[in-house]
Amino acid sequence: IKDCSFYNNTYEGLKVSRDSTDNEVYDCEFTTHNNDGIRMHGETNTIRDCIFEGIYKYLPYGGCPASGIMDEGSGNIYTNNLITNFNRAIWFEGGQSAVLEGNTFVNCTLNFRYSPWDGVGTHQISDTNTVDGLPICYFGKETGITIDKPYGQIILAGCTDMTITGLDMSDCPYGINLIRT
């Protein structure tokens, strides 16, 4: 799917079902007042070079639409996307083993909910991803690492014996997420 626009869809702009694999979506724009830009159930799909914009309006759970992308699949790849003004840039609703590189998140962050807990710590999220201009720090299933510099978001998933020290998190837009850590 290339060079498409999705505007103000009632539900998702694009829904990729569980049996859909190895699809590529690029150079598309998703603008929504309501729900998710993409709901990803499939596996090993690639979303790259897309723009996701949430339009503020009064919603009972907050002022921004739900998610730029909701990932409930496995092994999906997200590169060089711009996601702005959502409650969640990418929401991993049980999704696992995703790869994120070079994405820019403005006024939104990464969120995780695991059911079952198998997916904890399986993502590959590099520090080339940013939240409001600061890099994301993600460690999955790591042990004994010290984090001592500020990030836009620090995510520790399935980790043990980790140390976060000497940080003034007041300048980090979204702070620290500890997931089964």
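About the cut-offs
- Residues numbered from 1 in each chain as written.
- Predicted model: local features only at pLDDT ≥ 70, side-chain atom pairs only at ≥ 80, totals over all residues.
- Heavy atoms only, no water.
- Buried < 20%, exposed > 50% of the residue type's maximum accessible area, 1.4 Å probe, protein only.
- Pairing = 2+ DSSP bridges.
- Helix = DSSP H or I, 4+ residues; strand = E, 2+ residues; numbered from the N terminus.
- Axes fitted to C-alpha atoms, helices over the stretch in contact; angles between N-to-C directions.
- Contact = heavy atoms within 4.5 Å.
- Phe/Tyr/Trp six-rings, centres within 6.5 Å; stacked < 30°, edge-to-face > 60°.
- Lys NZ or Arg CZ within 6 Å of the ring centre and 35° of its normal.

## Let's talk about unusual backbone geometry
Positive phi is not limited to glycine here, since Asp49 has a value of about 55°. Even without a glycine there, the phi angle at Asp161 is positive, about 55°. Here Asp161 falls in the exposed class, since its relative accessible area comes to 61%.

## A short note on the sheet that holds strand E14 (residues 110-113)
The strand order across the open sheet formed by five strands is E2-E5-E8-E11-E14, and the pairing between neighbours is parallel. Sheet topology places strand E2 (14-16) and E14 at the edges, where each strand pairs with a single neighbour. The mean inter-strand angle of the sheet, taken between neighbouring strand axes irrespective of direction, is 10°.

## A look at the side chain of Asp36
Its place among the elements puts Asp36 in the loop between strand E4 (29-32) and strand E5 (38-40). Using a relative accessible area of 1% as the deciding quantity, one classes Asp36 as buried. Every residue in contact with Asp36, bar those within four places of it in the chain, is listed here: Tyr11, Glu12, Gly13, Ala66, Ser67, Gly68 and Met70.

## A few points about the pairing of E14
By the alternation rule, side chains of E14 split into Leu110 and Phe112, which are all buried, and Asn111 and Arg113, of which none is buried. Inspection of the sheet shows strand E11 (residues 88-93) paired to E14 by four bridges, in the parallel sense. When the sheet's bridge partners are listed, Ile90 is paired in E14 with Leu110.

## Here's the deal with the sheet that holds strand E10 (residues 82-84)
Spatially, the nine strands line up as an open sheet ordered E1-E4-E7-E10-E13-E16-E17-E19-E21, and their pairing is mixed. Two strands lie at the open edges of the sheet, namely strand E1 (5-7) and strand E21 (176-179), each paired on one side alone. Here two bridges tie strand E13 (residues 104-106) to strand E16 (residues 130-131), and the two strands are oriented parallel to one another. Each residue of the ladder has a partner; that of Phe105, found in E16, is Val131.

## Some remarks on the packing of aromatic side chains
On inspection of all chains with the given rule, the structure shows two aromatic pairs. A centroid spacing of 4.7 Å and a plane angle of 5° characterise the contact between Phe30 and Phe52, whose relative ring orientation is stacked. Of the two residues, Phe30 sits in strand E4 while Phe52 sits in strand E7 (residues 51-54), which places them 22 residues apart along the sequence. Judged on exposure class, the residue Phe30 and its partner Phe52 are both buried. In this structure an aromatic cluster arises from ring pairing among Phe6, Phe30 and Phe52. Positioned above the aromatic ring of Tyr26, the side-chain terminus of Arg48 is 4.1 Å from the ring centre.

These results come straight from atomic positions and should not be treated as a statement about function.
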